[in-house]
Amino acid sequence: MFDLQDLYQEVIIDHNRSPRNFGKLDDATQVAEGYNPLCGDKLNLYLKTEDDVITDVSFDGSGCAISVASASLMTDSVKGKTIEQAEQLFQDFHNLIMEEENPGEEQMQSLGKLAALAGVKQYPARVKCATLCWHTLRSAMQGDAAPAMTE
Amino acid sequence: MSEASTANDLKTPLLDVERIRQDFPILHQEVNGKPLIYLDNAATSQKPIQVIEALDKYYQQNNANIHRGVHTLSERATADYEQARGKVRNFINASSEKEIIFVRGATEGINLIAQSYGRTNLKAGDEIIISEMEHHSNIVPWQMLCEQTGAILKIIPINDDGELMVEEFEKILSPKTKIVSVVHISNALGTINPVQHIIDRAHEHNAIVIIDGAQATPHTAVDVQALDCDFYVFSGHKLFGPTGIGALYGKTALLEAMPPWQGGGDMIKMVSFEKTMYADLPYKFEAGTPHIAGVIGLGAAIDYVNSVGLDAIAAYEQELLEYATEKALEVKGLRLIGTAEQKASILSFVIDSVHPHDIGTILDHEGIAIRTGHHCAMPVMTHFNVPATARASFAFYNTFTEVDVLIQALEKARKVFS
């Protein structure tokens, strides 16, 4: 049996209560919409890139604590990174919450605060809450017109 | 939280709930180290041992295809299958067994009506009336029919208590109205709709009426002849029966005039490449080998519900709902979604600062199963301006003590996010 606190860590509660980078970005260069049809979570992602570098990023929408905290942590993490680095971070994050084996030390270090979401792994029904923002970020980076879906 | 009234004070003498619980093997287990408290009955109900044994007996002793073998097993299976049709007929008081069509569930029943009756009888400009509180299964089949025929979908709005605005229904009824299809009891809100009034008014305009009884049959006695509805659909799995089986009731004259929906074996009298003659009712609408075990299981579920008594069930569940409502309102920041005067035992709610999905996960840790999400009723969520709700839905095997544990768990959820 898993402890509830493994899922709802202090960092997650905090980022849910006061999400960082929350709100519309007026000078966004790319915008994407994410949607989880299973639970109704909706997310808009606003991205500003210059020469493949994410100079600013924000989000708004509604969702559960996991989805809001994940988006808040993600936007904090990818700001200042190149699109390639952000893609790599998504890969590492994906491994963190999907793969049975824990990521190596180097990956954990690059994940930083994102590691707080590791507990989601024990809750298969909630994994999509944590990845919705990442799928939406990818849509924004690739300039997709269709909303990102978790299904 | 107030401990003033507890389980024992309110225990109703109508039902021996402890004895009933013995009939449901699944209830006697621990989930996450806590006794299971199953409050997701509106999604699907649990099955009594009598139903499980009926399925078991069919597969262990009587399994054979129906309506075609001359051998003993086939005759037994056919007899049990048709006997179950009689049980369904009595359960909703249809006038004939010919009016009972076995389908996969309420969803398939509505699709059958839309495609068979609807495509035959509707033309561009005709109107179909549904309500804002419908399950997607009573929205999408009509949208599909509208695309196919050019008919127009009209919506009866709901008020902020989650009740149908009957005066608005009166306004949209017109000579163009051909079909009215409304839910008997709302799965997302618990509202019990004034279906008798809706049926009477629609008939004055010569529209046919379909009642979606998926949530109603487990909670209230249904008499289709008294209602005078044209069609009534329900699902077995919400009625303590197996999944994948349900029934469609239709008036004989309507069913006889309707073309078959699906073609295949068992729905024909004679097939040649020049001409095929369809079978009589009800077989015309039951193409292919049906869910024989499911039908027999549904019959056993109806026997079980009858043995407990729907009046006693309804009375007990009302007490449970009143108790749960009163206790839930003591939880700070909790808002009920669905406060209709006439309600079945469904408690839909949101809590400030705790998203329904987080409530669901925290409750699961306490062994409590509830549903969180949009309950396949996204327009209802839009009306109340919430992305989702948490929903506790009660059956007659739930107890007042379980309500107390639910409330304690909700307090815990609030604390996690305080």
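**Remarks on the overall build of chain A**
What chain A contains, in helices and strands, is six helices and four strands. In chain A, the order of α-helices and β-strands from amino to carboxyl end is α-α-β-β-β-α-α-α-α-β. Here chain A has a C-alpha radius of gyration of 14 Å; the compact-globule value for 151 residues is 15 Å, and the two agree. Along the first, second and third principal axes, the C-alpha set of chain A runs to 45 × 35 × 30 Å. Pairs at least 24 apart in sequence give 61% of the contacts found in chain A among residues at least 6 apart.

**Details of the sheet that holds strand E4 (residues 148-149) of chain A**
Strands in a sheet are paired, the pairing made by backbone hydrogen bonds, and the direction either parallel or antiparallel. Residue and element names in this part refer to chain A. Overall, mixed pairing links the four strands, which are arranged E3-E2-E1-E4 in an open sheet. Looking at the sheet topology across the chains shown, the edges are occupied by strand E3 (53-62) and E4. Direction of pairing for strand E1 (residues 30-36) relative to E4: parallel, over a ladder of two bridges. Its bridge partner being in E4, Tyr35 is matched across the sheet by Met149. Across the face of the sheet, helix H3 (residues 65-78) comes into contact with strand E2 (41-50) and E3 while running at roughly 170 degrees to E3.

**Observations regarding the interface of chain B and chain A**
Between chain B and chain A, the residue contacts involve 15 residues of the former and 16 residues of the latter. Here the element with the most residues in the side of chain B that touches chain A is helix H13 (residues 356-365) of chain B; it accounts for five residues. Residues belonging to the side of chain B that touches chain A are distributed by class as follows: six nonpolar, eight polar and one charged.

**Some details on the nonpolar core**
Within the largest apolar cluster, 121 residues are counted, with the highest numbers of intra-cluster contacts made by Val209, Tyr232, Ala247, Tyr249, Ile296, Ala301 and Leu406 of chain B. Broken down by element, the residue count for this core peaks at ten residues, all from helix H11 (residues 292-308) of chain B. Looking at this core, you find at least three residues from each of domain 1 (7-31 + 309-416) and domain 2 (51-307) of chain B. When residues no more than four places from it in sequence are discounted, the contact partners of Ala247 of chain B are Val88, Ile100, Ile101, Phe102, Val103 and Phe234 of chain B. Formed by 41 residues, the second largest nonpolar core is a distinct cluster that contains Leu47, Ala69, Ala71 and Leu89 of chain A.

**Points about the domain arrangement of chain B**
Residue and element names in this part refer to chain B. Domain boundaries assigned for chain B yield domain 1 (7-31 + 309-416) and domain 2 (51-307). Taken over C-alpha atoms, the centre of domain 1 sits 28 Å from the centre of domain 2. On the side of domain 2, 22 residues touch domain 1, which itself brings 22 residues to the contact. Only helix H12 (310-328), strand E14 (346-351) and helix H14 (378-383) provide two or more residues apiece to the side of domain 1 that touches domain 2.

**Structural notes on the pairing of strand E8 (residues 208-212) of chain B**
Two faces belong to every sheet, and in a regular strand the side chains alternate between them. Residue and element names in this part refer to chain B. Taken across its five residues, E8 has five buried, putting it largely inside the fold. Bridging between strand E7 (residues 177-183) and E8 involves five bridges; their strand directions are parallel. Pairing of Ser181 across the sheet is with Ile210, part of E8. This β-α-β element, E7 to helix H8 (residues 195-204) to E8, shows right-handed connectivity. The pairing of E8 with strand E9 (residues 231-235) spans three bridges and is parallel. Note on E9: the bridge partner recorded for Asp212 is Val233.

**Examining the packing of helix H5 (residues 106-121) of chain B against helix H6 (residues 140-149) of chain B**
Residue and element names in this part refer to chain B. Here H5 crosses H6 at 20 degrees, and the two axes come no closer than 9 Å. What the angle tells us is that H5 and H6 run roughly parallel. In terms of crossing hand, the pair formed by H5 and H6 is right-handed. Between H5 and H6, the contacting residues are Ile110, Asn111, Ala114, Gly118 and Arg119 on the first element and Pro141, Trp142, Met144, Leu145, Gln148 and Thr149 on the second.

**Considering the packing of helix H3 (residues 49-62) of chain B against H11 of chain B**
Two packed helices can be described by the angle between their axes and the distance between those axes. Residues and elements named next belong to chain B. The contact between H3 and H11 brings their axes to 8 Å, and the two run at 150 degrees. It follows that H3 is roughly antiparallel to H11 by the angle criterion. Crossing handedness for the pair H3 and H11: right-handed. Taking contact as the criterion, the partners of Gln50, Val51, Ala54, Leu55, Tyr58 and Tyr59 in H3 are, on H11, Ile292, Ala293, Ile296, Gly297, Ala300, Ala301, Asp303 and Tyr304.

Definitions and limits used
Residues numbered from 1 in each chain as written. Chains lettered and ligands numbered in written order. Predicted model: local features only at pLDDT ≥ 70, side-chain atom pairs only at ≥ 80, totals over all residues. Helix = DSSP H or I, 4+ residues; strand = E, 2+ residues; numbered from the N terminus. Rg over C-alpha atoms; globule rule 2.2 N^0.38 Å. Contact = placed C-beta atoms within 7 Å. Pairing = 2+ DSSP bridges. Axes fitted to C-alpha atoms, helices over the stretch in contact; angles between N-to-C directions. Nonpolar A, V, L, I, M, F, W, Y, C, P; charged D, E, K, R; others polar. Core = buried A, V, L, I, M, F, W, Y, C linked by C-beta atoms within 7 Å. Buried ≥ 20, exposed ≤ 12 C-beta atoms within 10 Å, placed from the backbone. Domains from an automatic or database assignment. Right-handed = clockwise from strand over helix to strand, strands pointing away. Parallel < 35°, antiparallel > 145°, perpendicular 65-115°, else oblique. Left-handed = near helix turned anticlockwise from the far one by under 90°.

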